[in-house]
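What follows is the residue order along each chain.
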Amino acid sequence: MAKGGPKLGCGAKLVRFTLVFFNLIFFILGCLILALGIYILVDPSVKQLQTIANTKELQKSGIDLTYIDKCGIAFCVFGGFMFLISFLGCCGALKKVKCLLGLYSTILLLILIAEIAIGIFAAVYSSKFKELLTKTLRDSIRDQYMGQMSNKTLGSVAWDAVMYNFECCGVYNYSDFNQTNNVWTDRQDAVTPMSCCKFKNKKIDWSGTLPNSTFDINCYKNPNENNSNYKIGCYEKINGLINVYSVVVIAVAIGIGFFLLLGVCFGFYLCKRIRDMDDYI
């Protein structure tokens, strides 16, 4: 730039400092997440844990630790993406490189468009999603729920924990446990799982085992509205809880969108100011 030529004004300098500061933070976070992902994938102790845990007995119970590798890959992808984006923003603003700032702003704009598209898709196809989700959940009851047994599958533990803590029964109601080809055959006259009963003085317990709480011993053989939650579906119960916190979820999504928009505007603005300085030469 020629001596005495134009320099970045106070506004542009503030934008530049803001981009460098926040992208430096995301750069460090991206490095940490990437390092965690690499650690999960290469650490011998993690591999040994998978080897020990993935026995035939545990696999029959629905426990499979191969998902640990998938988590490691996901951490690497997400951390690497954060690393790349923050590197473009930080170096582009610090060194005043137009192409890096332009690429940085374009990628943020694409992410913002994708977020808006996902929101629209979720709103338009919410009923289809509900239909698919409830079918999947009912199929998991039919194929995995084994009832009150000592060799319960992971699916059984999960369902018992959900029904006990959310005080519900099945996806829609107790009839979900009466599907054709249901794997729960050793019922001993039980109409509902014991976890569908109403427990007195109960405490939150996600172990999926029968808690040490008092209840009507006949509740799972002769359920009624006084001793059982057999008519209350877990989907509507959990969905109602989600709706309570939907405002928070929407606020977070709007906040993320707002910061993405700021990043796009700041990036393109700084890129234009640098180009104007180059044109002056």
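Residues numbered from 1 in each chain as written. Predicted model: local features only at pLDDT ≥ 70, side-chain atom pairs only at ≥ 80, totals over all residues. Heavy atoms only, no water.

**Things to note about the overall build of the chain**
- Within the chain, the secondary structure is distributed over nine helices and zero strands.
- Ordered by position from N to C terminus, the α and β elements of the chain give α-α-α-α-α-α-α-α-α.
- Of all 281 residues assigned to the chain, the portion counted as buried reaches 33%.
- Of the accessible surface of the chain, which amounts to about 17400 Å², a share of 68% is contributed by carbon and sulfur atoms. (Helix = DSSP H or I, 4+ residues; strand = E, 2+ residues; numbered from the N terminus. Buried < 20%, exposed > 50% of the residue type's maximum accessible area, 1.4 Å probe, protein only. Areas by Shrake-Rupley, 256 points an atom, 1.4 Å probe, with all protein chains shown as cover.)

**Focus: the state of the cysteines**
- Applying the stated criterion across every chain, the model contains three disulfides.
- Between the sulfur atoms of Cys-169 and its disulfide partner Cys-196 the distance amounts to 2.2 Å. Every disulfide takes its handedness from the sign of the S-S torsion; for Cys-169 and Cys-196 that torsion is 80°, giving right-handed. In this pair, Cys-169 is assigned in the loop between helix H7 (154-166) and helix H8 (234-244) and Cys-196 in the loop between H7 and H8, connecting sequence segments 27 residues apart. Cys-196 carries the same exposure label as Cys-169, and that label is buried.
- In this model Cys-197 forms its disulfide with Cys-219; the gap between the sulfur atoms is 1.8 Å. Linking Cys-197 and Cys-219, the disulfide has an S-S dihedral of approximately 85° and is accordingly described as right-handed. One end of the pair, Cys-197, is in the loop between H7 and H8; the other, Cys-219, is in the loop between H7 and H8, and 22 residues separate them in sequence.
- Take Cys-197: its relative accessible area is 2%, and that puts it in the buried class. (Disulfide = S-S within 2.5 Å.)

**Thoughts on the pattern of salt bridges**
- All chains considered together, the criterion is met by six salt bridges.
- With its nearest N and O atoms 3.0 Å apart, the salt bridge here joins Lys-135 to Asp-139. On the criterion of helical spacing, the pair formed by Lys-135 and Asp-139 is a turn pair, its members being four residues apart in helix H6 (residues 126-144).
- Linking Arg-142 and Asp-143 is a salt bridge whose minimum nitrogen-to-oxygen distance equals 2.9 Å.
- One network of salt bridges, with partners in common, ties together Lys-135, Asp-139, Arg-142 and Asp-143. (Salt bridge = Lys/Arg side-chain N within 4 Å of Asp/Glu carboxyl O.)

**So, unusual backbone geometry**
- Of note in this structure, Glu-167 is not a glycine but carries a positive phi near 55°.
- Following the sequence through the fold, Glu-167 ends up in the loop between H7 and H8.
- Judged by relative accessible area, Glu-167 falls into the partly exposed class, the value being 35%.
- Phi is positive for Asn-181, close to 65°, though the residue is something other than glycine.
- Tracing the backbone through its elements, the reader meets Asn-181 in the loop between H7 and H8.
- When its relative accessible area of 66% is taken as the criterion, Asn-181 is described as exposed.

Geometric values such as these leave the question of function open.
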